[in-house]
Amino acid sequence: MFSNQAITICASKYFDHHQIQELHRKGVVHFGENRAQDLLKKQEMLKNLPIIWHFIGHLQTNKVKDIINQIEYLHTLDRISLADNIQKYRFTPLKCFIQVNLTGESQKSGINPENLAQFLIEMKKYDKIEIIGLMTIGQENQLEITEKAFIKLSQLATLHGLKEKSMGMSDDYELALQHGATYLRIGRKFKELLE
Ligand SMILES: *Cc1c(COP(=O)(O)O)cnc(C)c1O
């Protein structure tokens, strides 16, 4: 779906459990939620379906214990205090992407690229965190800036020997694929698949 080079995650914040069920019937297996409460509610409604759950939103430190054993991937590791809480509550190593802010927007989460090397070193001491790659979010309605961010994310991943790149949404996923995305997070465009 959308690509055979990358895994497509349905960013399901727009969809209720009926719609998720329908998308699952159409072959979507990966779903990503942004809010802890929504994740828990939808998982409760959909517990009989073999869904692979991702968390793709900003994760508040005080929500970690509620959801951290309910997901297979976290896309938004962006600070040490979050790592500390994951280490405290998670039972088995969690696949994580480090979120990097590559558009310079101050209201956006993500670590500064200059701090990535040091952050990666610090992550080695957490045995409940498995860093599999990097994640970034483009800038809305700014395809040139977004493309630069995607190129930079690929370079950083290569530099640090990280295979996975979580980048690309409904409006920019083709650009992300051109620059080596391995996980797409697509929301609104999935509406086209629903009746
Ligand atoms: C909502 C969301 C997406 C998907 O956005 P669309 O533009 O609807 O495809 C991807 N990533 C994150 C972190 C999101 O919150």
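Now for a description of the structure that goes with this document. (Residues numbered from 1 in each chain as written. Predicted model: local features only at pLDDT ≥ 70, side-chain atom pairs only at ≥ 80, totals over all residues. Heavy atoms only, no water.)

Within a regular strand, the side chains alternate between the two sheet faces. The element strand β4 (residues 73–77) is extensively covered by neighbouring structure, given that five of its five residues are classed as buried. Where strand β3 (residues 52–55) and β4 come together, two bridges link them in parallel fashion. Residue pairing for β4: Phe55 is matched across the bridge by Leu74. By the bridge criterion, three bridges tie β4 to strand β5 (residues 94–99) in an arrangement that is parallel. Opposite Tyr73, over in β5, you have Lys95 as the bridge partner. In this view, the connection linking β4 to its parallel neighbour β5 by way of helix α4 (residues 80–89) has right-handed handedness. (Buried < 20%, exposed > 50% of the residue type's maximum accessible area, 1.4 Å probe, protein only. Helix = DSSP H or I, 4+ residues; strand = E, 2+ residues; numbered from the N terminus. Pairing = 2+ DSSP bridges. Right-handed = clockwise from strand over helix to strand, strands pointing away.)

It is worth spelling out the nonpolar core at this point. Residues Leu74, Leu77, Ile86 and Leu134 are the most contacted members of the largest nonpolar core, which totals 52 residues. Counting residues per element, this core draws most heavily on helix α6 (residues 143–159), at five residues. Residues contacting Ile86, with those up to four places away along its chain left out, are Val64, Ile68, Leu74, Leu77, Leu94, Lys128 and Ile129. With six residues, the next largest nonpolar core counts Ile9, Phe97, Met135 and Tyr183 among its residues. (Core = buried A, V, L, I, M, F, W, Y, C linked by side-chain atoms within 4.5 Å. Contact = heavy atoms within 4.5 Å.)

The environment of the ligand is made up of Ala11, Lys13, Tyr14, Asn34, Ile56, Ile137, Met169, Ser170, Arg185, Ile186, Gly187 and Arg188. For the ligand, an oxygen atom lies 2.7 Å from a polar atom in the side chain of Lys13. Measuring from an oxygen atom of the ligand, one finds a side-chain N or O atom of Arg188 at 2.6 Å. Expressed as a share of its isolated accessible area of 380 Å², the protein-covered part of the ligand is 92%. One can see that the ligand is located within the largest pocket. For the shell around the ligand, the class distribution of residues is six nonpolar, three polar and three charged. (Near = heavy atom within 4 Å. Polar contact = N/O pair within 3.5 Å; in protein donor to acceptor, adjacent residues only side chain to side chain. Areas by Shrake-Rupley, 256 points an atom, 1.4 Å probe, with all protein chains shown as cover. 1 Å grid on protein atoms, 1.4 Å probe; cavity = no way out; pocket = protein on both sides within 12 Å on 5 of 7 lines; lining within 4 Å. Sits in = over half its atoms within 2 Å of the grid points. Nonpolar A, V, L, I, M, F, W, Y, C, P; charged D, E, K, R; others polar.)

As a further point, take the layout of surface pockets. For the largest pocket, the calculated volume is near 630 Å³. Taken together, 29 residues line the largest pocket, and the ones lying closest to its centre are Lys13, Ile137, Gly138, Met169 and Arg185. Listing elements by their share of the lining of the largest pocket, those giving two or more residues are α6 and β8 (183–186). Taken together, the residues that form the lining of the largest pocket break down as eight nonpolar, 13 polar and eight charged. (Points joined across faces, edges and corners; volume = space filled by probe spheres on them.)

We now examine helix α1 (residues 17–25). Among all positions in α1, only Ile20, Glu22, Leu23 and His24 are buried. Remark: Gly27 follows α1 within two positions and exhibits a positive phi of approximately 110 degrees.

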